[in-house]
Structures are given as C-alpha cells and as structure tokens.
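Summary of the model geometry
So you can see what is in the structure, the chains are spelled out below.
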Amino acid sequence: MNRTDRLIAIVLLLHSRKTVRAKDIAQRFDIALRTVYRDMKALNEAGVPIAAEPGEGYSLVEGYHLPPIMFTADEAGSLYLGAELARSFTDFSISRHVDSALMKIQSVLPQDRREYLQQLQGSTTILAGPKRAVEGFRDDVLRTLQDAAVHRQVIHLEYFSGHRQDVTRRQVEPLGTLYYADRWHLIGYCRLRRDYRDFRTDRIKALQVLDERFSEHHDFSLQRFVERFMEIKNPREVKVLFRKPALRYIRDRVYFGVAEEKETPDGVIMTFLVPTLDHLAPWLLSFGRNAEIVSPEELRERIVAFARDMVHHHDGTGAKNAGGTAETGRDTPAPAVPASRSSEE
C-alpha cells in the first residue's frame, strides 16, 4: 500500500472508531510507530483535525465528516463475495438481510461498477451444504443479545440446559455472540455459575433486558475465549494418507483438526490432532480406498469394525442395534464440537 492510500485508510479508521492507539495503527498497516507519528503530522498539515490524548490514542475532532467515498471495483467485489459467504455459511438471521444490503451497495455505485458487480454475480457460485432452520431460533433474540452486549446491559434468561435437561433462571452479562456448529451462541458472564459460559440462543426460552449496566470485563477477550475454546486437552495424533482422487473433496479437514499436510508421490499425508477417534472413523470411511490410515492402528481397527457392521446391517445378517454397532455396542456420534472444547451450558 502506497502512502497516499495508507493516509486515506487511516482517516477511515479514525472515522470508524472513537479512539485508535498508535500501536494499533502500526499493527494494522504493518508500519513502525515512527511512521505513524509522521503520518499523523502529515494529515494534520493537510487539514484533517486529529486530536491526540496521552494514554488514549488518536481521534477525529467532533463534527468532522468525510465527504462521500466511492467503492473501488475490488472493494465492491470483496463486499459481494463476503456477503455471499455469509449467506452460504451462516443461518437465516444473516442471509435474509444480505440481498437488501447488496442492493444498497449497488445503488451508490457508478454504472460501470454496477455492471462489473452484476457480471461477478453471474460468474461466481459458492457451494455449501443445505441450510436448515434451527428449531426455536428467533432473529429478534439475536439482535437483542447483540444490542445488550454493545450497551453492557445485564439480561435475565430462562434457559434450557442441555446437560441437566431442565430450565434455569439466571442473570447474565452478555459479552459477545459466536457462530459455530450451525447455531448462534451467546458468550457471557453467568452470575449464577460465577464464570464465563456459552449459551445456545435456540435454548433461550425467555429473555429480558434489565436496566442494570455491568462494568467492562477487562480480563475477558472474545478472541482469547475462542482460542481456548479451540484448544484440545491431551490430543491424539492421527496420520492419514489421502490419495490424489480424494484431495479435491477434503473440505472438512480443518474442522477435524488437521495440523500438517505433507505431499507424497501417492497423495498427501495429513496429520490430525483430535481429542477422540470417534468422529474421524465415519468421515474417513466415506473416502473408501482413497484414504489409508497410517497411524494409529486403533483407528484402523475401528474403521474395519465400523465397515463390517455396516455390511452386516445392510445384508440382514447383523444384529439390529439402533443407535450403535452390532459388534461394539457403542454409539457412533455424528461429527460435533468435542465437549472438551466448550463451556456450553
């Protein structure tokens, strides 16, 4: 990015936030602090009213507004692709608003860029699994939770606990929302449990925003929460050789914990770090001969037993065992977020 583009981007950043620290500007644009100070001086000399508060950061003087700024073709295209990804990989609470947002973007574009965006729409397709409505989900609940988190308002929940199979009443300090496993989750400090908790929004039976406001949780970061959420305690290492015909279809490898990929003449050996082998067996079986277990031997044995049970089930020689396997009697859970990764209530 040249300096002119960077200066414009810095003004846009200042316009979008109340204050911005110099080190955050340096990190965002990958420049030195000394360069940040020079850029701020240049903007002031160019007539941009920037205030500097010691210990706080930089801000635009109140009342200053930027003139309308037009999207470039690349920016408009990026917004379109981002909206399409949101439509494809999140639920109806997001996808239902994508069309109106794109229409507003197109309405402010000049003719040549509108035509570019229309051509991009006609030549781009994103394949994703079928979208399903989540039973019990309400769009207004998600918006209410997000507003309460922004304004730091305490909420009262009647919540159905999946672990205890009962409804509890509790006060929660909402800190953010997180989307995973096809559902929206509220991350907040539960006053009942006196700890940070993960609440599925479709299990919220009643919601009330209270007048009470809570203090900022300086020791909490949603990003750090997600990082801890993704940690695996006592991970097991699994190595699988995927032969070349299977490589184009291995879209779920990140979900299953891939840590390394090594090319070989026969294909790619992928190393996974997983909390349990249960989820991998049925997934790997779907690749047939194009997936070969390198290690551990236990996983190979599980797949053999799983395949044998499937044969017995379909040729009528196996025992009828709903929800489990004829030989092992164990349940074979569908791929899901491992319990060790979640503090979900």
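Residues numbered from 1 in each chain as written. Predicted model: local features only at pLDDT ≥ 70, side-chain atom pairs only at ≥ 80, totals over all residues. Heavy atoms only, no water.

1. Observations regarding the environment of valine 268
The topology assignment puts valine 268 in strand β10 (residues 267-274). For valine 268, a relative accessible area of 10% corresponds to the buried category. Through-space distance from the C-alpha of valine 268 to that of valine 240 is 8.2 Å; in sequence the pair is 28 residues apart. (Helix = DSSP H or I, 4+ residues; strand = E, 2+ residues; numbered from the N terminus. Buried < 20%, exposed > 50% of the residue type's maximum accessible area, 1.4 Å probe, protein only.)

2. As for the nonpolar core
By size, the foremost hydrophobic cluster in this structure holds 20 residues, and its most contacted members are Phe242, Phe272, Trp283, Leu284 and Leu299. Of all the secondary-structure elements, those providing two or more residues to this core are β8 (236-243), β10, α10 (280-285), β11 (291-295) and α11 (297-315). Aside from chain neighbours lying at most four places away, what touches leucine 284 is Val240, Phe242, Ala291, Ile293, Leu299 and Ile303. If you look at the next biggest cluster of nonpolar residues, it comprises 19 residues, including Leu7, Ile25, Ile31 and Leu60. (Core = buried A, V, L, I, M, F, W, Y, C linked by side-chain atoms within 4.5 Å. Contact = heavy atoms within 4.5 Å.)

3. Quick word on the environment of alanine 52
Mapped onto the secondary structure, alanine 52 falls in strand β1 (residues 50-53). A relative accessible area of 53% means that alanine 52 is categorised as exposed. Considered as a pair, alanine 52 and threonine 19 are 33 residues apart in the sequence and their alpha carbons are 9.0 Å apart. Residues within four places of alanine 52 in sequence aside, it is in contact with Gly57 and Tyr58.

4. Things to note about the pairing of strand β4 (residues 166-180)
Bridge count between strand β3 (residues 153-161) and β4: seven bridges; the pairing is antiparallel. Note on β4: the bridge partner recorded for histidine 156 is glutamine 171. In terms of strand pairing, β4 meets strand β5 (residues 183-190) through eight bridges, oriented antiparallel. Note on β5: the bridge partner recorded for tyrosine 179 is tryptophan 184. (Pairing = 2+ DSSP bridges.)

5. A closer look at the sheet that holds strand β6 (residues 195-200)
Pairing is antiparallel in the open sheet, where five strands are placed in the order β6-β5-β4-β3-β7. One side of each edge strand has no neighbouring strand; the edge strands of this open sheet are β6 and β7 (204-213). Sheet twist, expressed as the mean angle between neighbouring strand axes with direction ignored, is 45°. As paired strands, β3 and β7 are joined by six bridges and run antiparallel to one another. Bridge pairing in β7 places tyrosine 159 opposite isoleucine 204. (Axes fitted to C-alpha atoms, helices over the stretch in contact; angles between N-to-C directions.)

6. Details of the pattern of salt bridges
A full pass over the atoms with the stated rule returns 13 salt bridges. Because the salt bridges share partners, they merge into one network encompassing Arg3, Arg6 and Asp39. (Salt bridge = Lys/Arg side-chain N within 4 Å of Asp/Glu carboxyl O.)

7. Section: the packing of aromatic side chains
All told, the structure shown has nine aromatic pairs when counted by the stated rule. A ring pair is formed by phenylalanine 242 and phenylalanine 287, whose centres lie 5.4 Å apart and whose planes are at 80°; its orientation type is edge-to-face. Taken together, the residues span a long stretch of sequence, with phenylalanine 242 in strand β8 and phenylalanine 287 in the loop between α10 and β11 at a distance of 45 residues. Here phenylalanine 242 matches phenylalanine 287 in class, with each residue buried. Seen from their ring centres, phenylalanine 272 and tryptophan 283 are 5.9 Å apart, and the 80° between their planes marks the pair as edge-to-face. Taken together, the residues phenylalanine 272 in strand β10 and tryptophan 283 in helix α10 connect sequence positions 11 residues apart. Taken together, the aromatic side chains of Tyr189, Tyr196, Phe220 and Phe225 make up a single cluster linked through ring pairs. (Phe/Tyr/Trp six-rings, centres within 6.5 Å; stacked < 30°, edge-to-face > 60°.)

8. With respect to the packing of helix α1 (residues 3-16) against helix α3 (residues 33-45)
For the pair α1 and α3, interaxial distance at closest approach is 11 Å and the crossing angle is 80°. Taken together, the axes of α1 and α3 are roughly perpendicular relative to one another. Contacts between α1 and α3 pair Arg3, Arg6, Leu7, Ile10, Val11 and Leu14 from the former with Thr35, Arg38, Asp39, Met40, Ala42 and Leu43 from the latter. When its residues are assigned to classes, the contact of α1 with α3 shows seven nonpolar, one polar and four charged. (Parallel < 35°, antiparallel > 145°, perpendicular 65-115°, else oblique. Nonpolar A, V, L, I, M, F, W, Y, C, P; charged D, E, K, R; others polar.)

9. What about the side chain of arginine 200?
Topologically, arginine 200 is positioned in strand β6. What makes arginine 200 buried here is its relative accessible area of 15%.

10. Describing the packing of helix α2 (residues 22-29) against α3
A pair of packed helices can be characterised by two numbers: the angle between their axes and the separation between those axes. Closest axis-to-axis distance for the α2/α3 pair is 9 Å, and the angle between their directions is 105°. Put simply, α2 runs roughly perpendicular to α3. Contacts from Ala22, Lys23, Ile25 and Ala26 of α2 reach α3 at Leu33, Val36, Tyr37 and Met40. A class-by-class count of the residues in the contact of α2 with α3 yields seven nonpolar, no polar and one charged.

11. Comments concerning α2
Taken as a whole, α2 has its buried residues at Ala22, Ile25, Ala26 and Phe29. Mapping the buried residues of α2 onto a view down its axis gives an arc of 100°, with all of them on the same face. Structural note: α2 exposes Lys23, Gln27 and Arg28 on the side pointing more than 90 degrees away from its buried face. Looking at the packing, one finds that the buried side of α2 touches α1, α3 and β2 (57-60). Once α2 finishes, aspartate 30 follows within two positions and takes phi at roughly 55°, a positive value. (Arc of directions from axis to C-beta.)

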